[in-house]
Amino acid sequence: MILSGGKEATGQTSPAAILEAITVTMQFEVNGVKKKVLDDINFTVQQGEFTCIVGQSGCGKTTLLNILAGFIIPTSGLVRVQGRPIRKPGPDRCVVFQDDTLFPWLTVHENIAFGLKGGEGNKRQIEEDVNRFLFFVGLLDYRNYLPRDLSGGMKQRVELARVLVLKPLILLMDEPFASLDYRTRWEMQDLLISLGHELSQTIIFVTHDVDEAITIADKIEIMAINPGTITEELHITQERPRKVNQTECAFYRDRIYRALWN
Amino acid sequence: MMKKTGGNKNVSHTILPWIIPSAFFGAWFIVSSTGILPTYLLPEPVTVIGTANTYVFAEPGSAPYAGRFLQDATTSLVRVFFGFSIAVAAGLPLGILSGRVAAINRLFGSFINGLRAIPGITWLPIAMIWLGIGMKTTVFLVALAAFFPIYLNAAAGARQINPLILRAGAMMGVGRIRGSYAVLLPGAMPHIMTGLRLGLGIAWAYLVLGELTGVPDGLGAVIMDARMIGRIDMIIVGMILIAIVGKVSDALLVTFLRISFKSARRMQ
């Protein structure tokens, strides 16, 4: 069991870092009052690493993820992916949202093929890729269904397949399983861990659920509230599959709760 | 018990829609055949059917209005088609832009809403002076009237798109151009469809207005012509035929949209 606490020094880069957030600060103006939502966020993510950002509701997790995705530009600081600063959204950083964002006018199959159609690659190649990922998420039999005919868990599987098929450098996930029932959520976590491992996918996963983070993450960034900032980094070295009632997990949970509530 | 409820429901489903129309035609028949209303105010159903038959199927020239339907309907359809096309070409892009771009909305919004406050019928005199009687005035009125519902609904549709869907598109690498037709247009399609159907409906109303002013042919012109010589049976035939042609054109529009766009097919 190895623990490395504290945050990394500002701007420090390691050679394998695929993503670096450097002194990211975000200020919003609400009714003429400036509010600092994110303050001096620094962290790096290595290739193939599964990072969880944990914090309570309202700490700015989603804002941070939107910055990483390129949907919003930080007030100061920057995020670099493979050394290049992020300016706009793109298929190298795909997002799975908490809410259903499938295109309701496209079938499961067409939704997954959507991102591939803009780029190069012929019809047969696209067809093969889509089928492979339909198989990965276990929805081959549902390829011609419309999103409205799918359950919440199935929709999230399609969301996952639709971005994984684009082979993004980094997969960003914003509380993707928060609205699923306990059992479905558990299945989705398993699916995500095995797919992530198989594709050696770099994943940044935002959640408020400490147990979820401990179950799935290689590394946890703990976020404090008011203003949102990363107070601690925790590497989880526990073997998978993990059960939240294991002693080691209890140790991590204790540590995270203390960081969150102190 | 369950079965009985189901059975009742089926009966009510098939019978209920026909009760009011049957009663209406029954009342018409009784009122006109018993002489409660004189036939020069309300002709008997049989007379109207006969007139419709002559107007649609008889040899042209064999009787007044005989066999003119095809020519009148074609003339009217062409006027509606041109007017409606102009309304779509202007209203759809402008509406979608207004829904997405705040500056465009501010630029055009107040002007268009100001224009909308002018009752459509009041454009008739000035249109007659500018454009004369006939095709041009009718097309102008149709285009003007159909523009507003198309514009307003396209704007509402574009404005109300789930922003997360647009983000999802951007995140999958969709640029401005592909985003417009692959995400924005289908996302706004239910509203766009409503606007087009409302626009086409109102196009038929304004067609009649345009044709009431002394043009020789067209379905509206026939009604006005029949009024002047007191052929009330022909007026009723004209009204019914405009309703039918309008309904058919609406069905054709919906079919066309459903064939052309997945979103129109799948998001009802």
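Description of the structure in this document. In this text, all values refer to a predicted model and were calculated from it rather than measured experimentally.

Regarding the interface of chain B and chain A
Between chain B and chain A, the residue contacts involve 15 residues of the former and 19 residues of the latter. Elements with a minimum of two residues in the side of chain B that touches chain A: helix H7 (163-171), helix H8 (176-211) and helix H11 (262-266) of chain B. A per-element tally of the side of chain B that touches chain A places H7 of chain B first, with 6 residues. When grouped by side-chain class, the residues that make up the side of chain B that touches chain A number 9 nonpolar, 2 polar and 4 charged.

Quick look at unusual backbone geometry
Residues and elements named next belong to chain A. The omega angle of the peptide bond from Asn226 to Pro227 is -10°, so this bond is cis rather than trans. Take Pro227: it is sitting in the loop between strand E9 (219-224) and strand E10 (229-235). Cis geometry marks the peptide bond from Arg240 to Pro241; its omega dihedral reads 0°. Examined against the element boundaries, Pro241 turns out to sit in the loop between E10 and helix H7 (247-261). The backbone of Gln82 shows a phi angle near 50°, a positive value even though the residue is not glycine. One can find Gln82 in the loop between strand E4 (76-81) and strand E5 (84-85). Given 12 C-beta atoms within 10 Å, Gln82 falls into the exposed group. Despite not being glycine, Asn226 shows a phi value in the positive range, around 55°. Turning to its location among the elements, Asn226 is positioned in the loop between E9 and E10. Judged by local crowding, Asn226 falls into the exposed class, with 12 C-beta atoms found within 10 Å.

Calculation rules
- Residues numbered from 1 in each chain as written.
- Chains lettered and ligands numbered in written order.
- Predicted model: local features only at pLDDT ≥ 70, side-chain atom pairs only at ≥ 80, totals over all residues.
- Contact = placed C-beta atoms within 7 Å.
- Helix = DSSP H or I, 4+ residues; strand = E, 2+ residues; numbered from the N terminus.
- Nonpolar A, V, L, I, M, F, W, Y, C, P; charged D, E, K, R; others polar.
- Buried ≥ 20, exposed ≤ 12 C-beta atoms within 10 Å, placed from the backbone.

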